[in-house]
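Observations on the model geometry
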Amino acid sequence: MKRSRVILALAVIGASLGWVAAKGLAGSLVYYKTPTEILRQGSSAVNERVRLGGYVQPGSVKRTGTTISFLVTDGSTNMSVLDTGGVPALFRDGQGVVVEGFYGADGAFHADTVLVKHNGVYRPPAPGVTPTSADLAGNG
Amino acid sequence: MRGPVHSAERALGKLTARRGERVLGLLTVVALSASAILSLIVSPPDADQKNAARLLYIHVPSAWLAYLSFAVVFVASVAYLRTRKIRWDRLAAASAEVGVLFTALAIALGSIWGKPVWGTWWTWDPRLTTTAILLLIYVGYLAVRKLPDSPARRARWAAVVGIVGFVDVPIVHLSVTWWRSLHQGATIRLLGRSTIAPMMLAALLVGVASFTLLYLYLVTLRLRVGRLEERVMAEALSPRLGQPVEMLVEQADEPGEVTVGG
């Protein structure tokens, strides 16, 4: 009775491990693709749901209605992104981002999720600047 | 056979053990208070993340305790297999429980932090995925420990899981270096420049130190509870087996004796 309960628990844990490994590692080993990699893939990349990673090209961010468009660059290739899902508060020029969506036949990446990749730098604000937590309320 | 000297020694041992426990508890409270003051009041907010960056001071210490706990489980498991002394098994069990607690805490705090800064509670990035696997491995370890079997056999199985499971710890740590991830890489570098302001680094280090004291305190408490559990078990079995309690407790330190449960 007790043994079967523990074996059931172990089976559930084992199944969860398998699920996490399959779900996670399948996509995780290549968590995102760079613009260069998606373009190199050619037509097979079209309409395939992927993550695109790179930096927001400074000066490229435009907002029209609920759509935000910007360029993601990996240093050598730029890819145009059209996002309809909103962006986190830390989204800005030069920021590392991971964008979820698909590369369309129109040559643009259609995104519904924009994630900000923090660079691991921690520093106090410049003198005279009083930060407020409202800055992090987000608009996504 | 057991003279007054022996009894006195035992009494003294117990007293000092309890006193050591209290001193450790007091140190932990003082250190955690200092950490809270540094984290919430003294340390400045981050230029980009504002006050959300203060999660650094508890998220990183929690993750550190996960590594530390499972390293202790590994060492204690190896020691158990070599010596077959149940006290090593007890230490591995205590450390694994604390480790599971802090792995879960690191994930929860990371999730709370991820929402405002990354823009998501969760994503299947390598660091997050391998950490979820880490949690499952050691929850599994604790489940193996609940299998009704002879203490010696159960301890042997647990030790094997405790040794093999540890392989995920370096994978979790190096995942952000090996693979592309959303999670940031190391902020503090032993070689080269750390990318954190000195005051914030100080708060982080005090956080790590105070959490380490907390770990020692929790393991000490759990070890005492473990000994009490064995005592209760021995007292319950004593009339059935017709052996004195003391003998059963001592036997628990010998390999292959006393079958419990089943």
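Residues numbered from 1 in each chain as written. Chains lettered and ligands numbered in written order. Predicted model: local features only at pLDDT ≥ 70, side-chain atom pairs only at ≥ 80, totals over all residues. Heavy atoms only, no water.

For the rest of this paragraph, the subject is the overall build of chain A. If you tally the helices and strands in chain A, you get two helices and six strands. Expressed as a percentage of the 140 residues in chain A, the buried residues total 38%. A separation of at least 24 residues holds for 53% of the contacts in chain A among residues at least 6 apart in sequence. Within the structure as shown, chain A displays about 7400 Å² of accessible surface, and the carbon and sulfur contribution to it stands at 58%. (Helix = DSSP H or I, 4+ residues; strand = E, 2+ residues; numbered from the N terminus. Buried < 20%, exposed > 50% of the residue type's maximum accessible area, 1.4 Å probe, protein only. Contact = heavy atoms within 4.5 Å. Areas by Shrake-Rupley, 256 points an atom, 1.4 Å probe, with all protein chains shown as cover.)

Next up on the list: the domain arrangement of chain A. If you check the domain split of chain A, you get domain 1 (1-29) and domain 2 (35-116). Computed from C-alpha atoms alone, the centre-to-centre distance between domain 1 of chain A and domain 2 of chain A is 35 Å. (Domains from an automatic or database assignment.)

A word on the environment of Leu-204 of chain B. All names here are of chain B. One can find Leu-204 in helix 7 (residues 198-241). Residue Leu-204 is classed as buried on the basis of its relative accessible area, which comes to 3%. Taking the C-alpha atoms as reference points, Leu-204 and Leu-136, 68 residues apart in sequence, are found 27 Å from one another. Setting aside anything within four residues of it in sequence, one finds Leu-204 in contact with Leu-56, Tyr-57, Val-60, Pro-61, Ile-188 and Ile-196.

The next thing to look at is the interface of chain A and chain B. With 43 residues of chain A at the contact, the number on the chain B side is 43 residues. Between chain A and chain B, roughly 3900 Å² of surface is buried when both sides are summed, and carbon and sulfur atoms account for 66% of that area. The tally of links between chain A and chain B comes to three salt bridges. With a closest N to O distance of 3.2 Å, Asp-48 of chain B and Arg-92 of chain A form a salt bridge. Linking chain A with chain B are 15 residue pairs in polar contact (both at pLDDT 80 or more). (Buried area = accessible area lost by both parts, 1.4 Å probe. Salt bridge = Lys/Arg side-chain N within 4 Å of Asp/Glu carboxyl O. Polar contact = N/O pair within 3.5 Å; in protein donor to acceptor, adjacent residues only side chain to side chain.)

A few words on helix 5 (residues 151-164) of chain B. Since the α-helix turns once every 3.6 residues, residues separated by three or four places project in the same direction. Residue and element names in this part refer to chain B. In this model, helix 5 (14 residues) spans 20 Å end to end at C-alpha, consistent with the 20 Å of a helix rising 1.5 Å per residue. Those residues of helix 5 not exposed but buried are Pro-151, Ala-152, Ala-155, Ala-158, Ala-159 and Gly-162. Down the axis of helix 5, the buried set is contained in an arc of 125°. They therefore lie on one face. Exposed residues on helix 5 whose side chains face more than 90 degrees from its buried face are Trp-157 and Val-164. Looking at the buried side of helix 5, the elements it contacts are helix 2 (56-83), helix 3 (86-117) and helix 4 (126-145). (Expected span 1.5 Å × (residues − 1). Arc of directions from axis to C-beta.)

This next bit is on the packing of helix 4 of chain B against helix 5 of chain B. Residue and element names in this part refer to chain B. At their nearest, the axes of helix 4 and helix 5 sit 9 Å apart, and the two run at 170° to each other. With respect to helix 5, the axis of helix 4 lies roughly antiparallel. Here helix 4 contributes Tyr-138, Tyr-141, Val-144 and Arg-145 to the contact with helix 5, which in turn contributes Arg-154, Trp-157, Ala-158, Val-161 and Gly-162. (Axes fitted to C-alpha atoms, helices over the stretch in contact; angles between N-to-C directions. Parallel < 35°, antiparallel > 145°, perpendicular 65-115°, else oblique.)

Our next topic: the pairing of strand 1 (residues 49-56) of chain A. All names here are of chain A. Of all the eight residues making up strand 1, six are buried; the element is thus mostly covered by neighbouring parts of the structure. Pairing analysis gives two bridges linking strand 1 to strand 3 (residues 67-73), with the strands arranged antiparallel. Bridge pairing in strand 3 links Tyr-55 to Thr-73. (Pairing = 2+ DSSP bridges.)

Quick look at helix 7 of chain B now. The end-to-end C-alpha separation of helix 7 of chain B is 63 Å, in line with the 64 Å expected for 44 residues at 1.5 Å each. Remark: Gly-242 of chain B follows helix 7 of chain B within two positions and exhibits a positive phi of approximately 70°.

Looking now at the pattern of salt bridges. Residues and elements named next belong to chain A. Per the stated rule, a full pass over the model turns up 15 salt bridges over all chains. Taking the shortest distance from any N to any O, the salt bridge between Glu-48 and Lys-33 comes out at 3.8 Å. Of this pair, Glu-48 sits in the loop between helix 2 (35-41) and strand 1 while Lys-33 sits in the loop between helix 1 (2-28) and helix 2, placing them 15 residues apart in sequence. Overall, the relative accessible area of 31% leaves Glu-48 in the partly exposed class.

Now for the nonpolar core. Among the nonpolar cores identified, the biggest contains 42 residues, and Ile-38, Leu-52, Phe-70, Val-81, Phe-91, Val-99 and Phe-109 of chain A are the most heavily contacted of them. Per-element accounting of this core gives the leading share, five residues, to strand 6 (residues 109-117) of chain A. The residues touching Val-99 of chain A, leaving out its near neighbours within four places in the chain, are Val-50, Arg-51, Leu-52, Phe-70, Val-72, Val-81, Phe-109, Ala-111, Thr-113 and Val-114 of chain A. Listed in part, the 21 residues of the second largest apolar core include Ala-92, Ile-133, Leu-136 and Val-172 of chain B. (Core = buried A, V, L, I, M, F, W, Y, C linked by side-chain atoms within 4.5 Å.)

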